[in-house]
Amino acid sequence: MSIRIMGTGSALPGRRVENREIVELVDTSDEWIRERTGIGSRHVSTGETVVALAADACGQALADAGRQAEEVELLLVATCSPEDVAPCMACQVQSRIGAGNAVAFDLNAACAGFLFALHTAWAYVEAGIYRNALIAGSEVLSKLVDWEDRGTCILFGDGAGAVYVEKCETGGILSFVQHADGSRGAVLAGGSRPLENPWAGQRDFQKFLRMDGREVFAFALRQVPLNVEEALGKAHLTVGDVELFVLHQANRRIIEGISKRLGADISLFPMNLDQVGNTSSAAIPLLLDQLNRKGKLRRGMRLVLSGFGAGLTCGACVMEW
Ligand code: UT7
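Residues numbered from 1 in each chain as written. Predicted model: local features only at pLDDT ≥ 70, side-chain atom pairs only at ≥ 80, totals over all residues. Heavy atoms only, no water.

Remarks on the overall build of the chain
From N to C terminus, the chain includes 10 helices and 13 strands. For the chain, the C-alpha radius of gyration of 19 Å lies close to 20 Å, the compact-globule estimate for 321 residues. Overall, the chain is about 55 × 50 × 35 Å in size when its C-alpha atoms are taken along their principal axes. Here the chain holds 321 residues, and 55% of them are scored as buried. A fraction of 77% describes how many contacts in the chain between residues 6 or more apart in sequence connect residues 24 or more apart. In the structure as shown, the chain presents an accessible area of about 13500 Å², 49% of it carried by carbon and sulfur atoms. Of note, the chain has its 31 positive side-chain charges centred 3 Å away from the centre of its 38 negative side-chain charges. (Helix = DSSP H or I, 4+ residues; strand = E, 2+ residues; numbered from the N terminus. Rg over C-alpha atoms; globule rule 2.2 N^0.38 Å. Buried < 20%, exposed > 50% of the residue type's maximum accessible area, 1.4 Å probe, protein only. Contact = heavy atoms within 4.5 Å. Areas by Shrake-Rupley, 256 points an atom, 1.4 Å probe, with all protein chains shown as cover. Lys, Arg positive; Asp, Glu negative; His and termini not counted. Charge placed at Lys NZ, Arg CZ, Asp CG, Glu CD.)

Below you can see the structure in the form of structure tokens.
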């Protein structure tokens, strides 16, 4: 028994910010950003929320699958940029789309969050607890980004992607691996609030995301190929069996490096970061939805999904579409 993706959806804020607009904020250039990251533009919220974007993407995923919101049994939102601590984003999405019969909660594993949520849904279904799930990755990272830090503000974008999955007897998701290394948390950290209570003294806090880009880059290049090989091994498959690698969209050079290390042609690695940048937990489902809508995914096709991010976290999944 496993789960199969039956429908996909995605949503982007209306405002698209080009590299040349970032050049007005920090000491960088369109050429540098394109050459070093592959990013040309990103969408930035001017009011769209994590909940609104996720709800839009979820509605589309349900429509694509031909299912009604009341049928959903589990609703997960992966995000590291929630508007509120309570109620969680998933409960707010549930209310918006009318998925009143679902159990709903959030999950934060940063850019690997969508994969971790997919794995969670798979485990619930395998355990016989639920028969289907609606899973969104949704981020408005623009509120956590320091728009004066050229090391981060060039990279991130806002958006959401969602998938609706159902229990299946054959095919679907074939294997999963996931890992976390909290000892390396400082490599990509921040977005915290000051401790404010009558007894606490003044404490340091990191309002904005800070990143050691080179460290994250090296981590991704080393870890993603290992995760992919591990997941393929669990599914008794090899790199040569994979028809498409849908990777976290962090940096074109990272994806090119991974394709070399795996010995798989770069044409098997679709990318959209030129248009949307790094949308963290939304990146994989957003790209999946774009591929699905372009007719690039056919039933039975073998895909590998793999992501990595703050934590540090990483994971991979092998599936038959
Ligand atoms: O979703 C997971 C989260 N994050 C990531 O996946 C990010 C992974 N890392 C990266 O994508 C890359 O490390 C960056 C794009 C962040 C940086 O690219 P890099 O090729 O690793 O640059 P670098 O940090 O090694 O810096 C090279 C030079 C430095 O100047 P010096 O010291 O050589 O004079 C930087 O100060 O480039 C400079 N630099 C920039 N120059 C123009 C750094 N950022 C910029 C910039 N524009 N935006």
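Overview of the nonpolar core
Across soluble globular proteins, nonpolar side chains have a tendency to be buried as a group. Counting residues in hydrophobic clusters, the biggest one holds 35 residues, and the most contacted among them are L118, I135, L288, L305 and M319. Those residues within four positions of M319 in sequence are excluded, and the remaining contacts are I5, L118, G172, I173, L174, M301, R302, L303 and L305. L221, I254, F269 and V304 belong to the second-largest nonpolar core, a separate cluster that totals 33 residues. (Core = buried A, V, L, I, M, F, W, Y, C linked by side-chain atoms within 4.5 Å.)

Considering the domain arrangement of the chain
Each assigned domain of the chain is listed with its residue range as follows: domain 1 (2–170) and domain 2 (174–320). Distance between the C-alpha centres of domain 1 and domain 2: 14 Å. Of the residues lining the interface, 53 residues belong to domain 1; the matching set on domain 2 comes to 45 residues. If you look at where domain 1 meets domain 2, you find 3 salt bridges. Among the salt bridges present, the one from D274 reaches R34, with a minimum N-O distance of 3.5 Å. Where domain 1 packs against domain 2, one counts 27 residue pairs in polar contact (both at pLDDT 80 or more). The set of elements that each furnish at least two residues to the side of domain 1 that touches domain 2 consists of β1 (2–11), α2 (30–37), β3 (41–43), α3 (50–65), α5 (113–126), β6 (132–139), α6 (150–153) and β7 (159–168). The leading source of residues in the side of domain 1 that touches domain 2 is α5, at 7 residues. Residues belonging to the side of domain 1 that touches domain 2 are distributed by class as follows: 23 nonpolar, 19 polar and 11 charged. (Domains from an automatic or database assignment. Salt bridge = Lys/Arg side-chain N within 4 Å of Asp/Glu carboxyl O. Polar contact = N/O pair within 3.5 Å; in protein donor to acceptor, adjacent residues only side chain to side chain. Nonpolar A, V, L, I, M, F, W, Y, C, P; charged D, E, K, R; others polar.)

Points about the site of the ligand
The ligand sits among 23 residues. The nearest are T28, R214, N251, R253 and N278. Between the ligand and the protein, one listed contact pairs a nitrogen atom with a backbone N or O atom of G213 at 3.0 Å. Relative to its free-state accessible area of 940 Å², the ligand is covered by the protein chains to the extent of 74%. At 4 residues, helix α7 (residues 213–234) tops the list of elements feeding residues into the shell around the ligand. A breakdown of the residues in the shell around the ligand according to their chemical character gives 11 nonpolar, 7 polar and 5 charged. Three or more residues apiece are contributed to the shell around the ligand by two domains, here domain 1 (2–170) and domain 2 (174–320). (Near = heavy atom within 4 Å.)

Here's the deal with the pattern of salt bridges
Tallied over the full model, the rule gives 15 salt bridges. With its nearest N and O atoms 3.0 Å apart, the salt bridge here joins D30 to R34. Of the two residues, D30 and R34 are both situated in helix α2; the distance of 4 residues between them amounts to about one turn of the helix. Overall, the relative accessible area of 25% leaves D30 in the partly exposed class. According to the relative accessible area criterion, R34 is partly exposed, its value standing at 35%. Residues D146 and R210 are paired through a salt bridge, measuring 2.8 Å at the closest nitrogen-oxygen approach. Separated by 64 residues along the polypeptide, D146 in the loop between β6 and α6 and R210 in strand β10 (residues 210–211) bring together distant segments of the chain. Residue classification places R210 among the partly exposed residues on the basis of a relative accessible area of 34%.

Some details on the side chain of T79
Position of T79 relative to the elements: it lies in the loop between β4 (74–78) and α4 (89–97). Of the residues examined, T79 reaches a relative accessible area of 4% and is grouped as buried.

Some remarks on the environment of A112
Looking at where A112 falls in the secondary structure, it is placed in the loop between β5 (103–107) and α5. Separated by 194 residues in sequence, A112 and S306 have C-alpha atoms that sit 8.0 Å apart. Residue contacts for A112: discarding those within four places in its chain leaves G307, F308, G309, T313 and C314.

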